[in-house]
Amino acid sequence: MNKIQLELENVCNEMYRVFGFLPLPKEYIIKLLVRGIDADTIFGMGCDAHSNYKNVIKNKYYIF
């Protein structure tokens with residue numbers, strides 16, 4: 001497994017452990033990891049998405 005796959009697995013496992021589901025699409029998480037966004041920031045974005053904080057979808061990270 002390469003570095004991105006390991007980071008994706010870690011991020012997804014952490015979100016599954018806390019929320020029971022993925023609050024962000026897996027494709028979005030992959031694109032963020034490829035761009036160099038760290039796992040803590042992605043988890044924070046997942047928390048914002050879960051709490052219905054709508055700006056998380058419209059922030060600078062979502063523009064590909």
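The shown structure was predicted, so the numbers you read here are calculated from the model rather than taken from an experiment. (Residues numbered from 1 in each chain as written. Predicted model: local features only at pLDDT ≥ 70, side-chain atom pairs only at ≥ 80, totals over all residues. Heavy atoms only, no water.)

Q: Can you tell me about the packing of aromatic side chains, naming the residues and giving the values?
A: Tallied over the entire structure, the rule returns two aromatic pairs. Summarising the aromatic geometry, the rings of Phe-19 and Phe-21 are spaced 6.3 Å apart at their centres and angled 50° between planes, so their arrangement reads as tilted. Ring geometry for Phe-19 and Phe-43: centres 5.9 Å apart, planes at 25°, overall stacked. Placement of Phe-19 in helix α1 (residues 3-19) and of Phe-43 in helix α3 (residues 39-50) is noted, with a sequence separation of 24 residues between them. Overall, the relative accessible area of 19% leaves Phe-19 in the buried class. With a relative accessible area of 22%, Phe-43 lands in the partly exposed category. Aromatic ring contacts, followed pair by pair, group Phe-19, Phe-21 and Phe-43 into a single cluster. (Phe/Tyr/Trp six-rings, centres within 6.5 Å; stacked < 30°, edge-to-face > 60°. Helix = DSSP H or I, 4+ residues; strand = E, 2+ residues; numbered from the N terminus. Buried < 20%, exposed > 50% of the residue type's maximum accessible area, 1.4 Å probe, protein only.)

Q: Outline the confidence of the model for the chain, supporting the account with residue identities and numerical values.
A: The predicted model of the chain has a mean per-residue pLDDT of 82, with 80% of residues at 70 or higher. Of all helices and strands in the chain, the one with the weakest mean pLDDT is α3 (85), whereas α1 scores best (91). (pLDDT = per-residue confidence, 0-100.)

Q: Go over the packing of α1 against α3 with me, naming the residues and quoting the values.
A: At a minimum axis separation of 10 Å, α1 and α3 run at an interaxial angle of 35°. α3 is crossed by α1, and the crossing has right-handed handedness. On α3, the residues that touch Val-11, Glu-14, Met-15, Val-18 and Phe-19 of α1 are Ala-39, Ile-42, Phe-43, Gly-46, Cys-47 and His-50. Classifying every residue of the contact of α1 with α3 by side-chain character gives eight nonpolar, two polar and one charged. (Axes fitted to C-alpha atoms, helices over the stretch in contact; angles between N-to-C directions. Left-handed = near helix turned anticlockwise from the far one by under 90°. Contact = heavy atoms within 4.5 Å. Nonpolar A, V, L, I, M, F, W, Y, C, P; charged D, E, K, R; others polar.)

Q: Any details on α1? Residues and values, ideally.
A: Three- or four-residue spacings in an α-helix give side chains the same orientation, since the helix completes a turn every 3.6 residues. Helix length check: α1 (17 residues) gives 24 Å between terminal C-alpha atoms against 24 Å at 1.5 Å per residue, within 8%. Every buried residue of α1 is listed here: Leu-8, Val-11, Cys-12, Met-15 and Phe-19. Down the axis, α1 shows its buried residues gathered within 95° of arc, on one side only. In α1, the exposed residues that point more than 90 degrees away from the buried face are Lys-3, Asn-10 and Arg-17. Among the structural elements, α2 (26-34) and α3 are those in contact with the buried residues of α1. Capping the start of α1, Asn-2 holds a side-chain oxygen 3.3 Å from the backbone nitrogen of Ile-4, two or three residues further along. Among the residues trailing α1, Gly-20 stands out with phi positive, at a value near 90°. (Expected span 1.5 Å × (residues − 1). Arc of directions from axis to C-beta. Polar contact = N/O pair within 3.5 Å; in protein donor to acceptor, adjacent residues only side chain to side chain.)

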